[in-house]
Amino acid sequence: MKKRIIVAGAGFSGMWAAISAARLVHLKNAENQIDIFLVSPEPKLTIRPRLYEAELTNMAPSILEVLQAANVKYISGSVIDIDAINKTITVEKPNEKTLVNYDAFVLATGSRVFYPELEGLKEYSFNVNSLTQAQRLEKHLLALASEPDSAARNTVVVAGGGLTGLETATEMPERLKSILGDRSHPQVIIVDNAKKIGLAMGEKACEIINEALVSNGISVRTGVRVVSVDEHGVTLSDGEFIPSKTVIWTAGMRANELTSLIPGPHDPLGRVISDSTLRASDANGIFVTGDTVKVATDDEGNFNVMSCQHAMSLGRVAGHNAAADILNLPLHPYSQPKYVTCLDLGKWGAIFTEGWEHQVIYQGEEAKKIKQEINTLWIYPPEPDREKIFSVANPDYVVVP
Ligand SMILES: Cc1cc2nc3c(=O)[nH]c(=O)nc-3n(C[C@H](O)[C@H](O)[C@H](O)COP(=O)(O)OP(=O)(O)OC[C@H]3O[C@@H](n4cnc5c(N)ncnc54)[C@H](O)[C@@H]3O)c2cc1C
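Residues numbered from 1 in each chain as written. Predicted model: local features only at pLDDT ≥ 70, side-chain atom pairs only at ≥ 80, totals over all residues. Heavy atoms only, no water.

Student: Looking at this structure, how should I read the sheet that holds strand β13 (residues 226–230)?
Tutor: Strand pairing in a sheet relies on backbone hydrogen bonds. The paired strands run either parallel or antiparallel. One open sheet holds the three strands; their spatial order is β13-β14-β15, and the pairing between them is antiparallel. The open sheet has two edge strands, β13 and β15 (241–243), and neither has a second partner. Here the strands of the sheet are splayed against their neighbours by 20° on average, with no regard to which way each runs. Pairing of β13 with strand β14 (residues 233–236), which is carried by four bridges, proceeds in the antiparallel orientation. Among the inter-strand pairings, Asp-230 is bridged to a residue of β14, identified as Gly-233. (Pairing = 2+ DSSP bridges. Helix = DSSP H or I, 4+ residues; strand = E, 2+ residues; numbered from the N terminus. Axes fitted to C-alpha atoms, helices over the stretch in contact; angles between N-to-C directions.)

Take a look at the structure:
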């Protein structure tokens, strides 16, 4: 009987894991011994890094043709259980649950937004974590145009001044103007409990980020937390109440809940802690990748962050190793010493940094062009051409040159 590699998740890591596994199986002429399957609710790659944008078109391109070109079979459904001892997963579809055996399993189910227990937060806030949520926010913003002019209508509060919060907030003034009209006075406020917005990116980048916030007309409330949210606005830990119909929560991510079914150590974000092979240490035949894993990126003490930059490389290694494990070949160690960030800062431009110390390389218009290239080209699925796909699916392929 043929052996099975099952990849769960059609995101950046899952798509590349499936292709990379297929590449090795192809290289070793093992197509008659091994089948590769990818399971996900939809055969689409959601371009999550763009969900802060106003224009939500082409945000979930199909990967069916790419999978077909690589000889990966698609299974529609959600994994709801993993039995690491008997090497089975349960796949759920509407009105149907199926038990599927695997010889190697790759967990690539990503991450989700984390809501702490705060009064009204889940009921009254928005987020930009999934396409459905981004569309819900867009519908809400469009509907504000038919509401009477008021401070609450015109004010957007972004809770969390991390990368997602900054990109969401800096896009918002232009977005609100186009909805509420040129004569409107939209107000965008970032709330964060840090002393200064952007400090995590180092002094220099922080200075530039704050210049961009001022230029975009964005206010900040630092050193405070959100305490509660209701239909009229948000209350902060210093007692201030900000009237707002639009509170966007960007302050926290957690690994997909399936990670809790993988035996072995986990980090506080719920990620499975792994060595460079990406094999779950206490589960035979399970590999973890993308936002579900925490692993060293180099020998200098740096670890992957939840990002596509890391997910795309991790996927290639996890898929390769899943196939190598079955074929009794040596596993390839994950390593990704180069780290960059490219942060969109709305009308002002963007900032591009290199290294874990965030050395600023480009800013303003120059960085914005790179951001646009990343967002419209680099992170999209490849052309469905087997040779071309396999030529960039090797586990040591450098995603960010
Ligand atoms: C607004 C926003 C901005 C971002 N900006 C950046 C940025 O500028 N740069 C950057 O590098 N990163 C950015 N990120 C982070 C980046 O999007 C993630 O780190 C990346 O998507 C992780 O890839 P992944 O493959 O691990 O998971 P995902 O891309 O989330 O894919 C997970 C897949 O698993 C599927 N799935 C989920 N549950 C199941 C299940 N039970 N069974 C089967 N399938 C399942 C999902 O449908 C999906 O196909 C941003 C994220 C957001 C939300």
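Following the structure, the description resumes.
Student: Honestly, the sheet that holds strand β22 (residues 350–354) in this entry has me stumped. Any pointers?
Tutor: Read across the sheet, three strands follow the order β21-β22-β23 without closing on themselves; strand pairing throughout is antiparallel. On the outer flanks of this sheet lie β21 (340–344) and β23 (359–364), each paired with one strand and no other. For this sheet, the mean angle separating the axes of adjacent strands, direction not counted, is 15°. In this sheet, β23 lies alongside β22 in antiparallel orientation, the contact comprising five bridges. Following the sheet pairing, Ile-351 is matched in β23 by Gln-363. Along the sheet face, helix α9 (residues 365–378) touches β21, β22 and β23 and points at about 95° away from the line of β23. (Contact = heavy atoms within 4.5 Å.)

Student: Is there a simple way to explain the nonpolar core in this structure?
Tutor: Counting residues in hydrophobic clusters, the biggest one holds 78 residues, and the most contacted among them are Ile-5, Ile-19, Ile-82, Ile-89, Phe-105 and Ile-286. In contact with Ile-82, not counting residues within four places along its chain, are Thr-88, Ile-89, Tyr-102, Phe-105, Leu-107, Leu-258, Leu-261, Ile-262 and Ile-286. Listed in part, the 33 residues of the second largest apolar core include Leu-51, Phe-126, Ala-169 and Ala-212. (Core = buried A, V, L, I, M, F, W, Y, C linked by side-chain atoms within 4.5 Å. Buried < 20%, exposed > 50% of the residue type's maximum accessible area, 1.4 Å probe, protein only.)

Student: I'm lost on the environment of Leu-121 in this one. Help?
Tutor: Tracing the sequence through the fold places Leu-121 in helix α3 (residues 121–124). Taking C-alpha positions, Leu-121 is 41 Å from Asn-321, a pair spaced 200 residues apart along the chain. Leu-121 has contacts with Tyr-115, Pro-116, Val-229 and Trp-249, leaving out every residue within four places of it along the chain.

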